[in-house]
Amino acid sequence: MKEFKPFRLDPANHRLWRLSDESEPVSVTITAKAFDVLRYLVEHPGRLITHDELLESLWSGVAVQPEVLKGHVLAIRNALGDDAQRPRYIETHRGRGYRFIADVTTAQKTDNLLSSTTTSHLIGRTAQLNALHEALNQTREGHAKIVFVHGDAGIGKTALVETFCSNLSGQHTSLSYGRCIEGFSGAEPFYPVIEALSRLLKGASSNKVQDALVAVAPSWANQVTGLLSREHRALLQKVAHVSARSRMLGEFCELLEVLAEDEAFVLLLEDLHWADFSTLDLISALARRKSSVKLLLIATYRSDDLATRGPALKQLVNELLLHKLCDSIHLNGLNQGDVAEYVRSDDSEDGRSFVQLLSRQSSGNPLFLRTILDHLKSMQFVSIDRGQWKSDVPLSQIRFEIPQTIAHVVETKISSLDDETQRVLEAASAVGDVFNSVVPATAAGLSTRRFEEVCETLCRTRTFIHRHDMDTLDNGEVVRLYRFNHALLREVLLNRQGPLRLAQSHALIGKELEKSYPSELRAHAAFELAAQFSNAREWSKGLTYLKIALQTAKRRFAHQDALAILDKADEMALHLSNGERELAQTTLLEDRASIYAANHDPRALQAFTELLQMSEQLHFPDVQARAELGLAFALSWRDATASVAHLENAARLSSAQPEPQLKARIRLSSAAWRIWIGGWDPEQVKICEENLVPLRNGLDREITAWGLIEYSMMCLISSRYRECLETVDTNLEILVKHAVDRPDFNIFRAIWMAHLGRPWAYTLLGEWGRALKEFDASEALFVGNANRYSICTLETLRGFLYLMAGDYRATKDICSKLGFYKDKTGHQPAALYTPVLPNEIRHCALLAGTTEVGLGNLEAGIGILKKLEHDMLEQPVITDWYWLFLLEWSLADAQLRSGDIEQARMHADRMVERSDRTIEVTWRAMAREVRCRIAIEEGDRPHALRLINDALQITEMMGAPIADWRVHRTAAQLHRAEGDGARASLHEQLFNRQAQRLLDSLPYGHRLQETFARLMA
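All values derive from a computational prediction rather than experimental measurement.

Q: In this structure, what is going on with the overall build of the protein chain? I would like to understand it.
A: Along the protein chain, the regular secondary structure elements total 46 helices and 18 strands. Over its C-alpha atoms the protein chain spans a radius of gyration of 34 Å, differing by no more than 12% from the 31 Å that the globule rule assigns to 1017 residues. Taken along the three principal axes of its C-alpha coordinates, the protein chain extends 110 × 80 × 65 Å. By residue count, 56% of the 1017 residues in the protein chain fall in the buried class. A sequence separation of at least 24 residues applies to 66% of the contacts in the protein chain between residues at least 6 apart.

Laid out in structure tokens, this is it:
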């Protein structure tokens, strides 16, 4: 809400209020269109709003004369009691527009509070409440904070955070919240975050949030388009989606920086034990982001064994605590003193005994304590008088009719209700933790109106349920949402129903949900629909909705959530009929294998092996060929040679494919991966080029895009860096938009290839500033998706850029972060991202060895590189052939600096020989440059001249920015030694020009500018 004293503007309810200290707010009468004009002016205070802007914003697409505005402004002035000659609110600029001149503040919106009830006095939680207030104070000073509040079910987590949040109103602090939902709904990527975002869009700052979404977080805006205004939806359509879709994490961080720019922002995520993996990844990334955003993120979760996301959540919390990236508040049970305060017991012996009995039976759990007291009261064992509980019978006569669990107490309370109320609660429990009166009414055998009446009766005494938010159905009807007071209550209600009756209820609820959502919006309810129909044993229908949910996870690049969905889908597929079951299982297995492959998960090998066997038995040759490609890729992580046979099998299987485009796709993929895995091969290059024509001429644009994404890697390793970038940019957009629901496309691997290829291409192009931005964007994506392999690879690639710029301290920091170095005690420190596969371990070792050489630790660096060379030659894995170029260059340079000319010559000659098998310009030029320096040291100037002239000829043909400056510097030194001053001066000029170009590509003041300048000197 917006306040400008003495008025309050409520956009959500379309109301204008006049405030008074002595009485309740008074509603001010104003027409609907005048209200819209006032709202627009208030949301842009202090700025001149032109006539054209108002007409475009409020009458878009309608022919309206500017004179209409005068009438509405006059109506506003009459409502506010404003004088046009001496305005206090609206200032007129004749012929131009209007300016709102009163001071505007944002009031806490009541419908964004956690509960509609007043929070009672909190018992035994003073220290925890103070800890939250201290975190908020630090947040206001620009220190973003993450606080986990955890404890057993019923321990009072919600009561604590509700009490804290209820005091935020009027403290210049914004609040929004989202809750994770149990079961299928809990698997939807970013579920509670999107719920919190939706609340903001319905709140007083809706316009500001929409502006920020479209400007900095378009991929998030795409998730909530139904809540955007028409103007903002139009703006969103103009935004490019390729990079935005793949940067949901980075965009959300930027969105928070906008929302928390002027005042602290509290984001509360409840019930994190049911969180989707993407939400956990987002919290992890927020914790690691270095930012001064005024954000306080509070997350609650149950730490008992009911947590369904326990292992992942535990790992996240422990890791963040280890690195001091979060705070933790653990709620224990109330002690006897707290229980005494709760029941207001006196200090008599009977009073102390009563407290001891309650403490023992409830274990200090506030929920259990309250339930036990209600039960004892219903049995007339205890009573309450003016807030004080007391025993009405001797304690020895009190017999608890419940065992150690609370379930029996709950069952007793349920049994005391009439049959109709029991049916209402049982039907509601089948919907979920939160429900409305429309969906479960049929399952309860009641009309919607009668169902709501029963719920309202229960809410008046907070028996089992309480009022939640208001919700608007797609038909425009406004309904009340209700929420169970505790998850345990719902569990008891579910367990007391027979399986046949419960299945029937789920079927009826599923059909009502389908009615509630038009077909185009059912993707938003896919998890809920899948849960209902699977519980109803309508397996095919449930699986259909689960596949829709899988598409949502793919669009959000949520790998772990997609795997969780596939686990559920596999369970459902087992119940399908023969034929239908096999087809579904094949499709699901290919989806699973593709996700494993994108994450370089060792389980990919087994998944592709199973897919190969299954497709062969079912006679699916296309699937079989793709399984062979995937199996080759997985094998290449540990043994490049073993993968070749499977690539050949894929090419052979493609011969049986009658469709030319599909055949070309498989043959091109097979040849491209033969090169990427095993090294440059002119014959395989020829196969790639031959299949480009039928691939491009085919009718299926998505198949063309997939093949060209793989071909872009060919461009990268043949020095066609620009072509690589253009190919990736054009075709990745097609895949992301259209191919997400096709299991025959490994969309995740395409994204992996693009986001690793782009920054490396810019590095080799010498556009280092752009490369650094690409590294940041790609790493943010993979952090959000918890893709450990890609993070490690990006870190080492970034390190190689730093090497080229001479920043050896930064590269050593990267190696330390990846766990390469041990501390003084000989132990490896805790690494944020630890390499696992041979190729990523080798990348890190190559970076570390070259770093030691750069720092002058020649013996240590040579030792690391020598061992690495032995491993790469003994057991080659994917891309080893490519990184051998840098390895030989580093060893040749190190041996030259150490004075071992013979060893330096051997490594340089190997690099020349290996690079000449390719058409890669950068490494061919650098090989000759280092060999030239060795020849100069040996006194063999004729050979040195031949080498440097070859290097110059290579770079002049295609350009190699990171090699050019080295070649010209060495050429200048050689010609200077030969006495050819003119040639030496020419090459010195070219050296300075090429080096300056690299310097200029970096952001002004970046540390690499200083280190590179020292390297050139």
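Q: In this structure, what is going on with helix α23 (residues 526-535)? I would like to understand it.
A: Structural remark: α-helix, 3.6 residues per turn; residues separated by three or four positions point the same way. Among the 10 residues of α23, 8 are classified as buried, and the element is accordingly described as predominantly covered. Along α23, the residues that are buried comprise A526, F527, L529, A530, A531, Q532, F533 and S534. Packed against the buried residues of α23 are α18 (419-431), α22 (499-516), α24 (539-555) and α25 (559-573). Looking one or two residues past α23, R537 carries a phi angle of roughly 65°, positive in sign.

Q: I would appreciate a short explanation of the nonpolar core in the present structure.
A: Note on soluble globular proteins: their nonpolar side chains tend to be buried together. Membership of the largest hydrophobic core comes to 253 residues, with the highest contact counts inside it found for F148, L213, W220, L272, F451 and I465. Look past the residues within four positions of L213 in its chain and what remains in contact with it is L197, L201, P218, W220, A221, V224, L228 and L255.

Q: Would you mind going over the environment of R555 with me for this structure?
A: Mapping R555 onto the fold places it in helix α24. Spatially, the C-alpha atoms of R555 and L334 are 45 Å apart, while their sequence positions differ by 221 residues.

Q: What exactly am I supposed to notice about the packing of aromatic side chains here?
A: What characterises a pair of aromatic rings is the spacing of the ring centres plus the angle enclosed by the ring planes. Summed over the entire model, instances satisfying the criterion amount to 24 aromatic pairs. Look at F820 and Y821: their rings are 5.1 Å apart centre to centre, the planes differ by 85°, and that puts the pair in the edge-to-face class. Each residue in the set W760, F800, W881, Y882, W883, F885 and W923 is aromatic and connected to the rest through ring pairs, giving one cluster. For R199, the ring lying beneath its charged end belongs to Y177, and the centroid distance is 4.0 Å. Positioned over the ring face of Y821 is K812, at 4.8 Å from the centre of the ring.

Conventions and cut-offs
Residues numbered from 1 in each chain as written. Predicted model: local features only at pLDDT ≥ 70, side-chain atom pairs only at ≥ 80, totals over all residues. Heavy atoms only, no water. Helix = DSSP H or I, 4+ residues; strand = E, 2+ residues; numbered from the N terminus. Rg over C-alpha atoms; globule rule 2.2 N^0.38 Å. Buried < 20%, exposed > 50% of the residue type's maximum accessible area, 1.4 Å probe, protein only. Contact = heavy atoms within 4.5 Å. Core = buried A, V, L, I, M, F, W, Y, C linked by side-chain atoms within 4.5 Å. Phe/Tyr/Trp six-rings, centres within 6.5 Å; stacked < 30°, edge-to-face > 60°. Lys NZ or Arg CZ within 6 Å of the ring centre and 35° of its normal.

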